[in-house]
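Breakdown of the fold
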Amino acid sequence: MPCLNNSLFDLFTLNKPSFMKFIILLSFMIPLVMLSQNGIVRGSAVNAANNAPIAGVKIFIVEASIGAISDSSGVFEFRKVPPGVYTFRASAMGFKTAFLNEITVTNARSVALSFNLEEIVSGKESEEVVVKGPKFQRNIESPVSLKTLNATEIERLPGANRDVSKVIAALPGVASRATFRNDIIIRGGSPGENKFYLDGIEVPNINHFATQGSSGGPVGLLNVNFINEVDFYSGAFPSNRANGLSSVLAFKQKDGNEDGLITNFALGSSDAALTFDGPLGKKGNFIFSARRSYLQFLFAALKLPILPTYNDFQYKVNFNINPKNRISFIGLGAIDQFALNTKVNEGNTDTAQVEYNNFLLGNIPMQSQWNYTFGVNYQHFSEQSIQTVVVSRNMLSNKAYRYKDLIETPANLLQNYASFEAENKVRLEHTYRKNGFRWNVGAGYEYARYRNESLLNITVQGLPFTVDYTSDLFLSKYAFFTQASQSLFSERLNLSLGLRMDGSNYSSSMANPFKQLSPSFSVNFRINELLALNGNIARYHQLPAYTILGYRDNAGNLVNKSNGLEYIRADHYVVGAEYRTKQSSRFTLEGFFKNYSRYPFSLKDSICLANQGSDFGVVGNEGVKSISTGRTYGGEFLFQQKLYKGFYAVLAYTYVISEFKDKNDQYVPTAWDSRHIVSLTGGKRFKKGWELGMRWLFSGGSPYTPYDIPTSSLIANWNINGVGILDYNQLNTQREASFHQLNIRLDKKLFLDKFNMNFYLDIQNLYGYKTRVAPILLVQTDASGAPMVDPNDPSRYLTKTIENTSGIVQPTIGIIVEFANRKKALPNSVKFN
């Protein structure tokens, strides 16, 4: 029996003739490739402390033995570089050598590089082991639990279909689940414990059809064409990027092309995207994109019960006012519509499928959602410091309604939900660097409004109950943070101490920032240039979701304020070791322990909300108390091979236990307790633009709670809920089957003069594995589709449980076309040894 998880966002499939046509098309187009060498790489080398240009920096392309030297303005340029993927190395007297890895060069687009070089503390760099390829950069503030992906790694990942949210699942500690959703589950934490930043500006969610009160959704919102790299912190968060409990993801966007207008068209599995970028006068540049999905047409053709549609836009504008001042404007927005396909059963003779479709139609609400984030990031560069001012606004509007039997009359209304969240933020930062010492200090303020109009018919402990209230909440939030880092003993010992305080005027308890004091301490000790020991201990606080803060009873009282709601707290302990080889690879081993306290506990269901957040709808729109405690702990192993002689590979293994105390004060597994998580990614770049990649995923079965069938079968309950009621006396006592799948991707790139094309074939779940997930409870129906009453108990329906499996083969053909209108290429760059 198919289920929502394996049908909701299935991609269009390819039969054998279609696949052969794809291969033949590529064969005919290969002779059209012009082996022109018009790739241009420009960039600058500046002092990381104050953005001052550095003259005489030697920039070297490792794989091509081509070099250039920066001029008095710190600017360098390579001309007529053959298309390909390269490593760039920058070195200068008095500065640490820096690397930029896996930079893709094409004929159509010039590449802009920026080397932020750090000064050597002692005046003479300690002896270095000569490496044959790119180095991994060290981060003093976050020596553990930090992974960085660049644009090339993001775009090529098999099975991700250029979805940044899916790429994150390839990293250690991130669980993969047998669903279509992009829930980011880090080291056993819930999806609502993650924070996202785009060029230093906080973005509440990075997915379409977002789950309000959490962070997941089925389709990524960010356009991969914008992303230059992403820093993924699963611990040791910087003090200026905190207020999360499980992870911080900091996305860095590309700048617009300075040579001329670039047009990029991408056609993928679910949407079409158009991107423009180019110069704005002599001091500015821009990049803008718009995407439109066509899932609604595919789903209608495939006879699926839902018709999702999404649209999004994204932009970035930069202005280099002068060498000392820079300003960037960013924007991100989405419009999502969720309709029902009421004609899905027309002509369908499969009784079981019809029954299941009717179940989905009766329980999925009609939904419309839109959101946006606008922000400005201004930087001023002083002699030894950088001042940053960030101002932004974000808003989410979420509406949903559901009628019994799809009959839209007032008597049949089961759910009518409308809410919005709006935040206005400002953050000031000062960063000082000198002689191996780095100090960051700043403050932030937010003014937020949350409005909720809820009408919901539910059952509580088997009895009908109506939630009917309107909430309008105005909230001020403030934060103070500082972090100091120092390198000692020729940079063999690196220490970092951070401190953050958060507060809110929601209640007198939350208003005291000392109650949300969040210290952190990191240490890195280099035994030699290849081996290092690392550690971090930290405390973090996170404000509960607006759905929790603004929940009111039918009399209009803020229920959770009266219940003494507090910030959620998590204490992190991480130790690890890192070994770097001479061939552009590294091994890391980390152990972690997270201790949770003051987590919201549902008064309605008597469970911790840490178990929720992986479905559509809303999390936290109920009465809670901040009394739950929990823990997650385990270990991670990572082997990462950067591109070396055409090969790349990443092997990540995580063992994690995630558990919270239940209503009986006993530890039980959470819904995120996957235990074993494996991600194996590898690939090979061939000549003439061919590349083949693979990714194998494994995740242990997730716990789930069985149904309370006697209570669910009551006619009064089923007519209101339409779904089975879970038996929380058996919280997470059952487990789904383990999930695993193999994804492969074949790329063919064509580099023409001022024109690039990229064809790709991406196949998810190549061997068609179907995993068993939590079963579904249905009422039995007669030939007309009406529920059948239990003849032995007229107060109940007859019920049945059906098997629920997830997993089909999902092939996708994609095409990316890029046109250029740029300056004429100049003579070749100089070569030096």
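Check the entry above for the structure.
Calculation criteria
Residues numbered from 1 in each chain as written. Predicted model: local features only at pLDDT ≥ 70, side-chain atom pairs only at ≥ 80, totals over all residues. Heavy atoms only, no water. Pairing = 2+ DSSP bridges. Helix = DSSP H or I, 4+ residues; strand = E, 2+ residues; numbered from the N terminus. Axes fitted to C-alpha atoms, helices over the stretch in contact; angles between N-to-C directions. Expected span 1.5 Å × (residues − 1). Buried < 20%, exposed > 50% of the residue type's maximum accessible area, 1.4 Å probe, protein only. Contact = heavy atoms within 4.5 Å. Phe/Tyr/Trp six-rings, centres within 6.5 Å; stacked < 30°, edge-to-face > 60°. Lys NZ or Arg CZ within 6 Å of the ring centre and 35° of its normal. Salt bridge = Lys/Arg side-chain N within 4 Å of Asp/Glu carboxyl O.

1. Structural notes on the sheet that holds strand β3 (residues 66-69)
What the 4 strands build is an open sheet, ordered β3-β2-β5-β6; its pairing is antiparallel. The outermost strands of the open sheet, each flanked by one partner alone, are β3 and β6 (98-105). Mean inter-strand twist for the sheet, computed between neighbouring axes without regard to direction, equals 20°. Alignment of strand β2 (residues 58-61) against strand β5 (residues 84-91), held across 4 bridges, turns out to be antiparallel.

2. Regarding the sheet that holds strand β10 (residues 201-203)
If you walk across this open sheet you meet the 5 strands as β8-β13-β14-β9-β10, and the pairing is mixed. What marks the edges here is a single partner per strand, and that holds for β8 (146-150) and β10. Across the sheet, the mean angle from the axis of one strand to that of its neighbour is 25°, orientation sign disregarded. Here strand β9 (residues 194-198) pairs with strand β14 (residues 247-253) via 5 bridges, running parallel. Within β14, the position partnered with Leu198 by the bridge is Phe251.

3. Some details on helix α5 (residues 351-363)
Between the first and last C-alpha of α5 there are 19 Å, a value that for 13 residues agrees with the 18 Å anticipated at 1.5 Å per step. When we look at burial in α5, the residues that qualify are Gln353, Val354, Glu355, Tyr356, Asn357, Phe359, Leu360, Leu361 and Asn363. In this structure, the buried side of α5 is in contact with β19 (325-340), β21 (385-403), α10 (715-721), β39 (771-779) and β40 (799-806).

4. Some details on unusual backbone geometry
Within the chain, Asn435 stands out as a residue other than glycine whose phi angle is a positive 50°. Topologically, Asn435 is positioned in the loop between β22 (413-434) and β23 (437-460). Of the residues examined, Asn435 reaches a relative accessible area of 52% and is grouped as exposed. Despite not being glycine, Asp665 shows a phi value in the positive range, around 65°.

5. Quick word on the packing of aromatic side chains
All chains considered together, the criterion is met by 23 aromatic pairs. When the ring of Phe209 is compared with that of Phe338, the centres are 5.6 Å apart and the planes differ by 75°; the resulting orientation is edge-to-face. Of the two residues, Phe209 is situated in the loop between β11 (207-208) and β12 (219-220) and Phe338 in strand β19; the sequence distance between them amounts to 129 residues. The pair Phe209 / Phe338 is uniform in exposure class, with both members buried. Ring geometry for Trp370 against Tyr372: centres 6.1 Å apart, planes inclined by 5°, an arrangement best described as stacked. One aromatic cluster in this structure is built from Phe313, Tyr315, Trp370, Tyr372 and Phe374. For the cation-ring pair, Arg156 lies above Tyr648, with the distance from its terminal atom to the ring centre recorded as 3.5 Å. Lying across the ring of Tyr760, Arg745 places its NZ or CZ 4.0 Å from the centre.

6. Topic: the pattern of salt bridges
Counting across every chain of the model gives 45 salt bridges. Between Lys254 and Glu155 there is a salt bridge, with its nearest N and O atoms 4.0 Å apart. Within this pair, whereas Lys254 is found in the loop between β14 and β15 (261-267), its partner Glu155 is found in helix α2 (residues 151-156), the two being separated by 99 residues in sequence. Exposure remark for Lys254: the relative accessible area of 24% places this residue in the partly exposed category. The closest approach of N and O atoms between Arg539 and Asp571, which form a salt bridge, is 2.7 Å. Taken as a pair, Arg539 in strand β27 (residues 531-542) and Asp571 in strand β28 (residues 568-580) lie far apart in primary sequence, 32 residues in all. A residue is classified by how much of its surface remains accessible, and Arg539, at 28% relative accessible area, is partly exposed.

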